[in-house]
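Chain and residue survey
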Amino acid sequence: MPAERTSLRQVREIVRLKFVGGVPTREIARRIGVAASTARATIDRFQAAGLSWPLPEGMADAALEAKLFADAGTK
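Residues numbered from 1 in each chain as written. Predicted model: local features only at pLDDT ≥ 70, side-chain atom pairs only at ≥ 80, totals over all residues. Heavy atoms only, no water.

**A short note on the packing of helix 2 (residues 25-32) against helix 3 (residues 36-48)**
Heads up, the rule is: Only C-alpha atoms enter the line fits that serve as axes; for helices the fit covers just the stretch in contact. Angles between N-to-C directions range over 0 to 180 degrees. Helix and strand assignments follow DSSP, with helices taken as H or I runs no shorter than four residues and strands as E runs no shorter than two, numbered in order from the N terminus. Any angle between 65 and 115 degrees counts as roughly perpendicular, while under 35 counts as roughly parallel, over 145 as roughly antiparallel, and the rest as oblique. Two helices that cross are described as forming a left-handed crossing if the nearer one is turned anticlockwise from the farther one by less than a right angle, and a right-handed crossing if clockwise. Two residues form a contact once any of their heavy atoms are found within 4.5 Å. Throughout, the ten residues Ala, Val, Leu, Ile, Met, Phe, Trp, Tyr, Cys and Pro are labelled nonpolar, Asp, Glu, Lys and Arg are labelled charged, and all others, Gly among them, are labelled polar.
Across the interface, helix 2 lies against helix 3 with an axial gap of 8 Å and an inter-helix angle of 110 degrees. Relative to helix 3, the element helix 2 lies roughly perpendicular. Considering only the axes of helix 2 and helix 3, their crossing is right-handed. In this structure, helix 2 contributes T25, R26, I28 and A29 to the contact, and helix 3 contributes A36, A39, R40 and I43. Residues of the contact of helix 2 with helix 3, tallied by class, amount to 5 nonpolar, 1 polar and 2 charged.

In short, the description is geometric, and any link to function would need to be established separately.
Right, here's the structure in full:
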């Protein structure tokens, strides 16, 4: 059974804490309630997608999800 995908609300909060607050990854994970590896993977995925914080004005959740998870499910 595949793992449940991190919600986009959580993704936005992880990225905000990292790039605005400079909060360490383990602390972000504790605050959000996810594993440290999940927070780290989310930050890595965000950077690999070429995104920066703040997100472009008006970027919808669907567009963010498409950029972050474009290669999900491929081997």
